[in-house]
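# Observations on chain architecture
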Amino acid sequence: MVGVSNLANGIGGFIFLIASARLLPTDDYAKFAVLTASFVFFAKITELGTTPAFVTLSIQEKTDYSKALLKLKVYFGLVAFVLCFAFLNFFSISDFYTFFALSLGFIGYLINDYLFALFQLKEDFLKTSLINFLPAVVKAVFALLAIASVVSYNFYQFSLLYLASLLVAFPLAFSKKALSSIQTKTESEEKGKVKQLLVLGTPAGVSQALILIVPLINSTMIKSSLGLTQVASFALAEKISTIFSLASLTLFTVFLPKNAQQTKKGLLTSKTVFLPLVYLVLSLFVMLAATGPLLKFIFNDKYQSLIELSYILSISAALTASSSFLENIYYIFHKTKVLFTVQLLKIFILLTLNLVLIKTVGVFGVAFSNLGSSFLSLVAISLLIPTFIKRT
């Protein structure tokens with residue numbers, strides 16, 4: 001069910017992507033891509049690893065962390081909103097309309113992410129699926145209307161639709177499972193619970209945020225070195241490749257509670273951990289086969305080097321998705337600080353390769369920099385997991 005929902009979410013997002021990329025002028029699409037990438041990154045700060053930490057600690061310690069989680073999301077949300085709006089000023093995307101759209105987007109994201117944590121803990125995969133499915137349907141409907149020339153949208157209207165669509169899942173907050181807390185066996189102070197969530201979640205949360213900052217690094221360096229028009233082609237290829245983040249999210253949602261329970265029973269093995277990655281590998285082959293003909297049909301030659309960039313970035317995204325899935329093992333074994341170190345090294349490698357290659361091979365240098373840093377990150381994360389399992 002989660003996989004079907006994430007597939008629907010991917011299809012809805014892809015339809016919206018097609019509409020915005022086809023109908024907006026190139027420079028406007030570049031700004032739209034930067035806006036959405038910025039929102040995704042800074043919205044992740046509202047989580048900072050506390051959502052999976054909440055699920056893991058709730059299962060392992062039989063304690064209610066829901067109020068502590070909500071407090072953290074509100075505090076982090078305010079900080080993230082201010083930082084996002086300030087960053088967009090660099091790309092001259094910081095007027096009242098952007099402020100309004102971002103406000104709705106952050107409110108919707110905070111509500112959805114909190115509900116996602118509650119439903120994931122209770123393994124209510126229908127409601128976790130609806131959190132992603134409902135916004136995807138809204139985006140798909142409005143995008144199809146635009147493609148059919150029934151309506152027309154400018155940059156601000158596309159931005160508002162993208163961000164405000166997150167609010168449609170709000171009615172799920174009134175379900176019984178969302179309103180009720182889990183049964184507890186022990187009690188502790190709320191401040192202590194907040195600290196526990198931060199200690200377990202923050203290192204891996206920063207690690208995940210460092211993954212999501214990559215598109216902002218790419219866009220900033222391309223704009224500074226090659227101009228805003230080149231940002232459009234690269235950002236579109238980057239967004240197409242992120243379909244693998246949905247595959248990772250599916251695996252993460254389903255296997256985090258199960259792996260936490262297996263660890264508690266001493267049943268977790270290397271085979272259990274790595275077998276789901278076969279799903280990601282098969283997804284990669286399917287996507288690479290379909291990418292070229294599909295992009296040629298949809299966009300023709302509007303975006304320079306789009307197909308070639310999509311091939312490179314799709315492989316890079318598949319490697320990153322595999323790393324993201326494997327990170328749930330670090331949560332379970334409370335080894336999240338290791339992830340922070342790995343991702344810092346990945347960003348350092350990415351920046352170094354970008355500075356060297358962008359001068360020689362242009363936008364392709366940025367693509368190969370992403371591929372190289374993603375590969376090295378996956379290798380590092382994979383090699384350490386068997387050592388955790390052997391010690392249990």
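Predicted, not measured: the structure shown is a model, and the values here were computed from it.

Quick look at unusual backbone geometry now. Backbone geometry places S92, a non-glycine residue, at a positive phi of 60°. Positionally, S92 belongs in the loop between helix 4 (66-88) and helix 5 (96-121). Unusually for a residue other than glycine, S149 sits at a positive phi of about 65°. Turning to its location among the elements, S149 is positioned in the loop between helix 6 (125-147) and helix 7 (155-164).

The next point concerns the environment of I111. Locating I111 in the fold gives a position in helix 5. Look at I111 and you get partly exposed, because its relative accessible area is 22%. Along the primary structure I111 and L166 are separated by 55 residues, whereas in three dimensions their C-alpha atoms are 8.8 Å apart.

Right, let's get into the packing of helix 2 (residues 26-45) against helix 4. At a minimum axis distance of 8 Å, the contact between helix 2 and helix 4 shows a crossing angle of 155°. With respect to helix 4, the axis of helix 2 lies roughly antiparallel. The interaxial crossing formed by helix 2 with helix 4 has right-handed handedness. For the pair helix 2 and helix 4, contact is made by V34, L35, S38, F39, F42 and I45 and by F76, A80, L83, C84, F87 and L88, respectively.

The subject of this paragraph is helix 6. Its 23 residues give helix 6 an end-to-end C-alpha distance of 32 Å, which sits within 8% of 33 Å, the value for a rise of 1.5 Å per residue. Remark: the principal bend of helix 6, roughly 30°, maps to I131, with a proline, P135, within the next four residues. For helix 6, the complete set of buried residues consists of F125, T128, S129, I131, N132, P135, A136, K139, A140, A143 and A146. Following helix 6 by one or two positions, S149 has its phi on the positive side, about 65°.

Parameters at a glance
- Residues numbered from 1 in each chain as written.
- Predicted model: local features only at pLDDT ≥ 70, side-chain atom pairs only at ≥ 80, totals over all residues.
- Heavy atoms only, no water.
- Helix = DSSP H or I, 4+ residues; strand = E, 2+ residues; numbered from the N terminus.
- Buried < 20%, exposed > 50% of the residue type's maximum accessible area, 1.4 Å probe, protein only.
- Axes fitted to C-alpha atoms, helices over the stretch in contact; angles between N-to-C directions.
- Parallel < 35°, antiparallel > 145°, perpendicular 65-115°, else oblique.
- Left-handed = near helix turned anticlockwise from the far one by under 90°.
- Contact = heavy atoms within 4.5 Å.
- Expected span 1.5 Å × (residues − 1).
- Bend = angle between axes of the 7 residues up to and from the residue.

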